Amino acid sequence: MILYDAQDKTYTLHTKNTTYQMKVWDYNILLHAYYGPRLSGGDLSYPLRCADRGFSPNPSEAGTSRTFSLDTFPQEYSTCGVGDFRLPSIELELPSGSRTADLRYVSGEVRRGKYGLEGLPAFYGGEEEWETLSILLRDAAAQVEVELLYGVREEYDLITRAVRVKNAGNETVRLCRCASLCLDFVRSDLDLITFNGAHVMERCPSRAPLRPGVQSVDSVRGASSHQHNPFVILCDRDANEDSGLCIGAMLLYSGNFLAAAEADQFENSRLVMGLNPYHFSWTLEPGAVFTAPEAAMVCSPCGFGQMSRQFHKAIRKDLIRDPWAGRRKPVLINHWEATEMYFTADKLVKIAQDAPELGLELFVMDDGWFGARLDDNAGLGDWFVNENKLPGGLRALVDRIKALGMEFGIWIEPEMVNEDSDLYRAHPDWALNVPGRGPSRGRNQLVLDFSRQDVRDHIYGQIKAVLSSADVSYIKWDMNRSLTEVWSAALPADRQGEVYHRYVLGVYEFAERLRRDFPHILIEGCSGGGGRFDGGMLHYTPQIWCSDNTDAVDRLRIQYGTSFCYPVSTMGAHVSAVPNGVSKRITPMETRGVVAMHGTFGYEMDLSKCTPEEKETVRRQTAFFKEHCDLIHDGDYYRLSDPFRNGPYTAWEHVSHDKREALVSLVTGPFRGAPPFLTLRIKGLDPALRYRVNGEGSWSGEVLMQVGWPLPILRGDYQALQLYLEAE
Ligand code: DGJ
């Protein structure tokens, strides 16, 4: 619910459990008044006090009054160079050369439904569920208008934000910074949690108290990155899974981003999130509009668990567009870890042969099927089938796979090119590079200039022809390097600051075209695993390969970190062979299955090399997953322990919405002598219901939650256990 109080000049956004308020203050400055647990109403700006503070200047309209400063009040969308010295949200370069921005409230409008964003991913939904608030701000001197957009999804406690900047004057203006979210607090005793890592170890949480000054995470790699995720949490110092105030903020963007928090001199704090100003500038001709990507916030008054569950529901229902919505997705087998690029059609069919009988339903052909792709030195950019590997073309292979009773999926990496390719030989200027420099190689490949329509059209045409040549139901879209030498031959010198963002817009346009032309195809995103795991890509690719690290023990941590924002159904996770390719660790097949079920679930191995016992395990696992897939992918998710604490086990749980079913999964750590007697307290049950556990006994929800379930002593390293609870 969005309310405007004309007397108090407040806009109040209510969700089921939270309230957000902004207020039009003196001189039409828009202040942020409150974000926290739901309140019944009123003007929540009353604690804000005017005071004369040294070195905090006063707006020109204040005359000689010294008690009002932009520097001391919480701002709804911070400005630049006009008296607020904290993190700016916007920075303009004016025709005079000045780099300032000063915004004043003009008007606001509330309407039903959800705003959309041109060419950018955004949450969506109908008039029943969503409301939009549009606030117009104006910089009179610069003749620039800023529209602040808010989408309210009450049921999920979700508030989305986006910003449009319009040049309403007659001269060209340049936008040098444009955040999507600015969130001020009149306190700084908060912790900041960020999700960091590297290739093969993504999204590990890091928590630290805010300290004076700016602390930030970002990406300048052209993709959202393995290193830092565009999702952060600000929370009470003592917040945990079940209690404490926490606010999660995600940016729906797949390129360079910045998430920065600042604790200021008066122990206030600010979070700013949006496009990274690094190498960014956007020319706005008179009348032109720039749209910043969407950000989304969930505030939970009772801990991280509730925050995550709200994000999960919102992402599943209102962000992802899934061709398989309402249907169980096929359990897949991918051959990458078994063969890498070294395969023939016969080899693939051999791997696929036993798969249907083991319960697998989709075969995914990974990297290596196109052009002169014998290794990673050649082939990218030439999207036609290598008939030496696949005689008779794609159709012949797909027919053989389909004859086994399986669907077929294919790997692509449309944004990349090898120098050893027909494409690069014909169009070297289609790769990003700076004149006079040698391009940096990453995995022996260069990045195509996806900011260019002609480049995208060419690649799209090739890929469309391949997809149209056979019955393909799944695509894995990979991206295996970061962007360097970011310069486009298609833009003039004074517009090179647009290339990073135009590249991302190009990726979105390409993805949207694929979705439109092949609406039945499920697309899995991937960037060397989880290098582009963000809310932006999820709008186009309903699932994303979580990490190139398939080691079950490392995956416990990667998937745990990922779960703070993203639902289990979006996390690409497979059972692979041991010793694991990354860690060389040997874990039981049971454990690998339980961990991969904390995701999309599939296999990534040569099934023809499995022992009869292993095949029996695969059969059991696929049957179990299919039976409980709805519960796992659609249920409420609970983290029961933190794998980074090196406790005796890592446990998590899925609970059905009616609380009549739950699945608890647990993996132990390395075995140690004299193991303790452990009891696991289960969460999210109905205290009044009685449950059977793995088909036996009768236990009240209340007892299982308060007293817990006695765990058996599991001998051996990294053992797994699953408890299926069903109400009587
Ligand atoms: C990186 C991906 O994450 C892998 O799963 C695999 O598809 C390779 N790329 C192929 O090059």
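This write-up is about the structure you can find in this document. (Residues numbered from 1 in each chain as written. Predicted model: local features only at pLDDT ≥ 70, side-chain atom pairs only at ≥ 80, totals over all residues. Heavy atoms only, no water.)

Observations concerning the site of the ligand
Here comes step 1: Taken together, 13 residues lie around the ligand, and Asp366, Asp367, Lys476, Asp478 and Asp548 are the ones closest in.
Here comes step 2: For the ligand, a nitrogen atom lies 3.4 Å from a polar atom in the side chain of Asn480.
Here comes step 3: Protein coverage of the free-state accessible area of the ligand, which is 300 Å², stands at 98%.
Here comes step 4: Under a 2 Å grid-point criterion requiring more than half of the atoms, the pocket assigned to the ligand is the largest pocket.
Here comes step 5: Here the shell around the ligand is composed, by residue class, of 4 nonpolar, 3 polar and 6 charged. (Near = heavy atom within 4 Å. Polar contact = N/O pair within 3.5 Å; in protein donor to acceptor, adjacent residues only side chain to side chain. Areas by Shrake-Rupley, 256 points an atom, 1.4 Å probe, with all protein chains shown as cover. 1 Å grid on protein atoms, 1.4 Å probe; cavity = no way out; pocket = protein on both sides within 12 Å on 5 of 7 lines; lining within 4 Å. Sits in = over half its atoms within 2 Å of the grid points. Nonpolar A, V, L, I, M, F, W, Y, C, P; charged D, E, K, R; others polar.)

A short note on the layout of surface pockets
Here comes step 1: Of the voids in this model, the largest pocket is the one considered here, and its volume is about 880 Å³.
Here comes step 2: Around the largest pocket sit 45 residues that line it, and His199, Trp336, Glu337, Glu340 and Asp548 are the ones nearest its centre.
Here comes step 3: With 3 residues, helix H2 (residues 336-339) is the largest single contributor of residues to the lining of the largest pocket.
Here comes step 4: Its residues assigned to classes, the lining of the largest pocket comprises 16 nonpolar, 12 polar and 17 charged.
Here comes step 5: There is about 540 Å³ of room inside the second largest pocket.
Here comes step 6: In this structure, the second largest pocket is lined by 27 residues; those nearest its centre are Gly647, Pro648, Tyr649, Thr668 and Gly669. (Points joined across faces, edges and corners; volume = space filled by probe spheres on them. Helix = DSSP H or I, 4+ residues; strand = E, 2+ residues; numbered from the N terminus.)

With respect to unusual backbone geometry
Here comes step 1: The omega torsion of the bond from Val578 to Pro579 falls at -5°, within 30 degrees of zero and hence cis.
Here comes step 2: Positionally, Pro579 belongs in the loop between strand S29 (575-576) and helix H10 (589-596).
Here comes step 3: Even without a glycine there, the phi angle at Glu485 is positive, about 45°.
Here comes step 4: Within the secondary structure, Glu485 is located in the loop between strand S25 (474-477) and helix H7 (499-517).

Section: the sheet that holds strand S33 (residues 661-668)
Here comes step 1: With antiparallel pairing, the 6 strands of this open sheet are ordered in space as S31-S32-S33-S38-S35-S36. The open sheet has two edge strands, strand S31 (636-639) and strand S36 (696-700), and neither has a second partner. For this sheet the average axis-to-axis angle between neighbouring strands, irrespective of direction, equals 25°.
Here comes step 2: Where S31 meets strand S32 (residues 649-655), 4 bridges bridge the pair, whose relative direction is antiparallel. Opposite Asp636, over in S32, you have Val655 as the bridge partner.
Here comes step 3: Across the sheet, helix H11 (residues 612-634) is in contact with S31, S32, S33 and strand S38 (720-727); its angle to S33 comes to roughly 100°. (Pairing = 2+ DSSP bridges. Axes fitted to C-alpha atoms, helices over the stretch in contact; angles between N-to-C directions. Contact = heavy atoms within 4.5 Å.)

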